[in-house]
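Analysis of the macromolecular model
Each chain, written out:
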Amino acid sequence: MKKILCSRDQVNLKCVLLGGQSFRWKEINLDEYSGVFAGGFWTLKQNDDHIAYKRVPATNLDEKMLSNYLRMDEPLDEYYKEWSLCDPIFKKSAERFKGIRMLKQEPVENILSFICSSNNNITRISSMVEKMCTLYGKKIDGTTYYAFPNIETLTGPQVEEDLKVAKFGYRAKFIRQTAEKMFELGSNKWIDKLKSMNYDSAKKELMLLPGVGPKVADCICLMSLEHLDAVPVDTHVFQIARDNYLPHLKKYKTVTQPVYNEIGDCFRKIFKKNAGWAHTVLFLDDLKNFKQLEQHDSDSSEGKPFAKRKKKH
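What this report covers is the structure whose coordinates are included nearby. The shown structure was predicted, so the numbers you read here are calculated from the model rather than taken from an experiment.

Each helix and strand counted, the protein has 14 helices and 5 strands in total. Here the C-alpha atoms of the protein give a radius of gyration of 19 Å, agreeing with the 20 Å that 2.2 N^0.38 yields for 313 residues. Relative to its full complement of 313 residues, the protein shows a buried share of 53%. When the 50 basic and 41 acidic side-chain charges of the protein are each reduced to a single mean position, those positions are 4 Å apart.

Where helix α5 (residues 107-116) meets helix α6 (residues 122-136), the axes come as close as 9 Å, and the angle between the chain directions of the two elements is 130°. Overall, the two elements α5 and α6 adopt an arrangement that is oblique. α6 is crossed by α5, and the crossing has right-handed handedness. Each of L112, S113 and C116 in α5 lies in contact with α6, whose residues at this interface are I125, M128, V129 and M132. Across the contact of α5 with α6, the residue classes break down as 6 nonpolar, 1 polar and no charged.

What follows is about helix α8 (residues 171-185). An ideal rise of 1.5 Å per residue puts 21 Å on 15 residues; α8 measures up with 21 Å between its terminal C-alpha atoms. When we look at burial in α8, the residues that qualify are R171, A172, I175, T178, A179 and M182. Viewed end-on, α8 has its buried residues packed into an arc of 140°, placing them on one side of the element. Structurally, α8 contributes buried residues whose contacts are with α5, α6, α7 (157-165) and α9 (188-196). One or two steps after α8, the chain reaches G186, where phi turns positive at roughly 110°.

Most of strand β4 (residues 40-46) sits out of view: 6 of its 7 residues are buried. Note: strand β3 (residues 32-37) against β4, 6 bridges, orientation antiparallel. Counted as the bridge partner of F37 is G40 from β4. Adjacent in sequence and paired antiparallel, β3 and β4 are bridged by 2 residues, among which A38 carries a positive phi angle near 55°. The sheet contact formed by β4 and strand β5 (residues 50-56) spans 6 bridges and is antiparallel. Residue pairing in the sheet places F41 in a bridge with V56 of β5. The hairpin formed by β4 and β5 contains 3 residues between the paired strands.

Generally speaking, nonpolar side chains in soluble globular proteins are found buried as a group. In this structure, F90, L206, I263, F267 and F271 are the most contacted members of the largest nonpolar core, which totals 77 residues. Discounting residues that sit within four places of it in the chain, F267 has contacts with V231, V237, Y245, K272, A275, H279 and L282. Listed in part, the 19 residues of the second largest apolar core include V11, L13, W25 and M72.

Right, let's get into the pattern of salt bridges. On inspection of all chains with the given rule, the structure shows 13 salt bridges. With a closest N to O distance of 3.3 Å, K164 and E160 form a salt bridge. Taken together, the residues K164 and E160, both in helix α7 and 4 residues apart, mark about one turn of the helix. For K164, a relative accessible area of 43% corresponds to the partly exposed category. Looking at E160, the relative accessible area reads 10%, which means it is buried.

Cut-offs applied
Residues numbered from 1 in each chain as written. Predicted model: local features only at pLDDT ≥ 70, side-chain atom pairs only at ≥ 80, totals over all residues. Heavy atoms only, no water. Helix = DSSP H or I, 4+ residues; strand = E, 2+ residues; numbered from the N terminus. Rg over C-alpha atoms; globule rule 2.2 N^0.38 Å. Buried < 20%, exposed > 50% of the residue type's maximum accessible area, 1.4 Å probe, protein only. Lys, Arg positive; Asp, Glu negative; His and termini not counted. Charge placed at Lys NZ, Arg CZ, Asp CG, Glu CD. Axes fitted to C-alpha atoms, helices over the stretch in contact; angles between N-to-C directions. Parallel < 35°, antiparallel > 145°, perpendicular 65-115°, else oblique. Left-handed = near helix turned anticlockwise from the far one by under 90°. Contact = heavy atoms within 4.5 Å. Nonpolar A, V, L, I, M, F, W, Y, C, P; charged D, E, K, R; others polar. Expected span 1.5 Å × (residues − 1). Arc of directions from axis to C-beta. Pairing = 2+ DSSP bridges. Core = buried A, V, L, I, M, F, W, Y, C linked by side-chain atoms within 4.5 Å. Salt bridge = Lys/Arg side-chain N within 4 Å of Asp/Glu carboxyl O.

Shown next, in the form of structure tokens:
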């Protein structure tokens, strides 16, 4: 295996890979993970001073792809210092939860995966995404795994029927309709346009897609469109905001749209352009050292950072 030099404080693979940003990673041994991105099958092993990695099939761009995926060029130490100065609550979280990075994901996969997250838990979302890849993706040479499908392969009525048989439920229609909508809009050209827009405009565009509400749109903005000020708000984030930043929200029992917007604006006011990244650290810390993420048998997505909850907001 090859190596990228970095400490655990620079990248916490467990939190980053299994925290609900992507649904294609598994922990196969202690500190060792396997998953699919950038058209390849990867194995990553966390060590104290480096990450060992292997891609199948191997290319001479593997290190560059992995570094880009983990945002290794981003000065995480500087961000943590800046966020700690902005917020004493964050400072406490930063001492306990280091190495939290936002993955730089492929937008088409990110969009369609998070449509699967609606009213779902992380284990089932992962299973659905894997099934979609098996049905429509290209097999990765030398493995039993499949790359995420191209957008055009997910269009047409047969796709919806196949996904219904695969127990995607109402999400089958949304996946097909969203794929067709994105294809009509120009796929990658449209995605590039979203990246060049400001955050508010990109979010509004995303919400025109079937099955994409405010929370899913924020997840996509944050994880694959370079809008790191996007703050996905669910019940758990609402509780963090209510208990630590916005005590007047205690009179609300659900996350209404005005409350959703107020919470996002609150985090953006504190943490500025990387608010969504900072809020992820707070979220993971509030999950009691990540233990809740290991409750794979749960019927709800409570405790899963970006998997959508049972209650729709």
